[in-house]
Amino acid sequence: MGVETIFSPLTRHDVLTMLIQQNVVHLVGHKQKFASLFSVEEFWGALRHSENVRAVMPKLRQANISADDAPDMFASGATICASGLESTFGKFSFLVSQVKEQLGFSGPIEIKAYYSPDGAGFDPHYDPRTVTTLQISGSKRWSYGIGPSEQFPLCNSPYPLTPELSTSLEQIGTATTVLNQGDLLCLPPGTIHWAAATGESLAINFSFEHVGESIADKFCRSLLLELLENPELRKVPLENDGDNMLASQFSDGLINELALHLPSAISGVIARLKADWSLS
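The structure reproduced in this document is the subject of the present report. In this text the structure is predicted, and so the values were computed from the model without any measurement.

1. Quick word on the overall build of the chain
Along the backbone of the chain there are nine helices and 10 strands. Overall, the chain is about 75 × 45 × 45 Å in size when its C-alpha atoms are taken along their principal axes. When each of the 280 residues of the chain is scored for burial, the buried share is 44%. For the chain, restricting intrachain contacts to residue pairs at least 6 apart in sequence, the fraction spanning at least 24 positions comes to 81%. Of the accessible surface of the chain, which amounts to about 14500 Å², a share of 56% is contributed by carbon and sulfur atoms. Here the chain contributes 19 positive and 31 negative side-chain charges, whose respective centroids are spaced 6 Å apart.

Right under this line is the structure:
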């Protein structure tokens, strides 16, 4: 299963356009579309291999729990979330490698599973990632902004939402849909959303991450490595208390050395980034 199977009837080009233009996409599938991908039975087994298992309750209250605690927490009304399945669940590991290769996506792709009892879900918030939800079984009612309230945020939204975010949601407008088995919903980073299960609901969240892997992150890491090639720039500057002229001269010398090498280092990094991700 790859990009065009998951996002059918969208093509690979359509999916790339969705990610680049930050489009909200809702696809109606059929009951068997994700049948080979995951199941409730596999969910309970995957909990024992998950990097993190959480019980999520109203008002976004949540707690880390053990796999053994999950059935009781689910029976008490909590959504059970299993994270890190892309590295612990074989089928998902292969799926992520396929999608990254097919899209040329250089950031992390993470997979989480959410199993919710009737009425359970998440209160209004946004995520710092592109959230792609695949409805595996049951149904869940989703409400969401028809566009982002913040462009590529670096962290989750505050809870409860600030007045500014609530106002932005009113200005952007909202939509509501019910995801049934085989349906897909993709929301751009910074898009406020909330959801509640209608009956028991199992879904997986297939997320495209930008935090830590943006072009700015890649540039800064590359620039650091470039500058550290110069032994002079591996020296530690000394604090100046106002009387230590030697410390002042030493630190000024390091800053001047940095300023001298920075333009060529930046040019070299930009050239390599173009070579890696551009045909120009």
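2. As for the packing of aromatic side chains
In this structure the tally under the stated criterion is 11 aromatic pairs. Centre to centre, the rings of Phe-38 and Phe-89 are 5.4 Å apart; their planes meet at 80°, and the pair counts as edge-to-face. Remark: Phe-89 occurs in the loop between α5 (85-88) and α6 (90-103) and Phe-38 occurs in the loop between β1 (25-27) and α3 (40-46); sequence separation between them is 51 residues. With respect to burial, Phe-38 and Phe-89 carry one shared label: buried. The interplanar angle of 55° and the centroid separation of 4.8 Å between the aromatic rings of Phe-89 and Phe-92 together place this pair among those described as tilted. For Phe-92, a relative accessible area of 0% translates into the label buried. Here the aromatic cluster, defined as three or more aromatic residues joined through ring pairs, consists of Phe-43, Trp-44, Phe-74 and Tyr-115.

3. Let's talk about helix α2 (residues 12-21)
Residues of α2 that are buried: Val-15, Met-18 and Leu-19. Down the axis of α2, the buried set is contained in an arc of 95°. They therefore lie on one face. α2 presents His-13, Ile-20 and Gln-21 as exposed residues on the side facing more than 90 degrees away from its buried surface. Residues of α2 that are buried make contact with α1 (3-6), β1, α6, β7 (129-145), β9 (184-187) and β10 (193-209). Two residues or fewer past α2, Gln-22 is found with a positive phi of approximately 55°.

4. Some remarks on the pairing of strand β4 (residues 79-83)
When you tally the buried positions in β4, you get five out of five residues, the bulk of the element. Judged by which residues are buried, β4 turns out to be covered on both faces: Thr-79, Cys-81 and Ser-83 on one side and Ile-80 and Ala-82 on the other are all buried. In the sheet, strand β2 (residues 52-57) pairs with β4 via five bridges, with the strands oriented antiparallel. Looking at β4, one finds that Asn-52 is bridged to Ser-83. Looking at chain direction, β4 and strand β5 (residues 109-116) are connected through three bridges and run antiparallel. Note that in β5 the partner of Ala-82 across the bridge is Ala-113.

5. Considerations on the pairing of strand β3 (residues 61-64)
Note: β2 against β3, four bridges, orientation antiparallel. By the bridge assignment for β3, Val-56 is matched with Gln-62. Turn length for the β2-β3 hairpin, with the two strands adjacent in sequence and antiparallel, is three residues, and the turn residue Lys-59 shows positive phi of about 65°.

6. With respect to helix α8 (residues 215-227)
Working note: α-helix, 3.6 residues per turn, so residues spaced by three or four point in the same direction. A rise of 1.5 Å per residue sets the reference length of α8, with its 13 residues, at 18 Å; its end C-alpha atoms lie 18 Å apart and thus fit the reference within 8%. What α8 keeps buried is the set Lys-218, Phe-219, Leu-223 and Leu-227. Viewed end-on, α8 has its buried residues packed into an arc of 160°, placing them on one side of the element. Contacts from the buried residues of α8 go to α9 (245-277).

7. So, the pattern of salt bridges
Under the criterion given, the structure shown has eight salt bridges. With a closest N to O distance of 2.9 Å, Glu-42 and Lys-91 form a salt bridge. Here Lys-91 lies in helix α6 and Glu-42 lies in helix α3, a separation of 49 residues in the sequence. The partner of Glu-213 in a salt bridge is Lys-218, with the nearest N and O atoms 3.0 Å apart. Relative accessible area serves as the criterion here: at 11%, Lys-218 is assigned to the buried category. In the salt-bridge network here, residues are joined through shared partners; they are Asp-127, Arg-129 and Glu-209.

8. Some remarks on unusual backbone geometry
Residue Pro-9 follows Ser-8 across a cis peptide bond; omega there is 10°. Put simply, Tyr-159 and Pro-160 share a cis peptide bond, and its omega is -5°. With respect to the helices and strands, Pro-160 occurs in the loop between β7 and α7 (163-172). In this model, Lys-59 sits at a positive phi of 65°, which is unusual for a non-glycine residue. Within the chain, Leu-60 stands out as a residue other than glycine whose phi angle is a positive 60°. Within the secondary structure, Leu-60 sits in the loop between β2 and β3.

Calculation rules
- Residues numbered from 1 in each chain as written.
- Predicted model: local features only at pLDDT ≥ 70, side-chain atom pairs only at ≥ 80, totals over all residues.
- Heavy atoms only, no water.
- Helix = DSSP H or I, 4+ residues; strand = E, 2+ residues; numbered from the N terminus.
- Buried < 20%, exposed > 50% of the residue type's maximum accessible area, 1.4 Å probe, protein only.
- Contact = heavy atoms within 4.5 Å.
- Areas by Shrake-Rupley, 256 points an atom, 1.4 Å probe, with all protein chains shown as cover.
- Lys, Arg positive; Asp, Glu negative; His and termini not counted.
- Charge placed at Lys NZ, Arg CZ, Asp CG, Glu CD.
- Phe/Tyr/Trp six-rings, centres within 6.5 Å; stacked < 30°, edge-to-face > 60°.
- Arc of directions from axis to C-beta.
- Pairing = 2+ DSSP bridges.
- Expected span 1.5 Å × (residues − 1).
- Salt bridge = Lys/Arg side-chain N within 4 Å of Asp/Glu carboxyl O.

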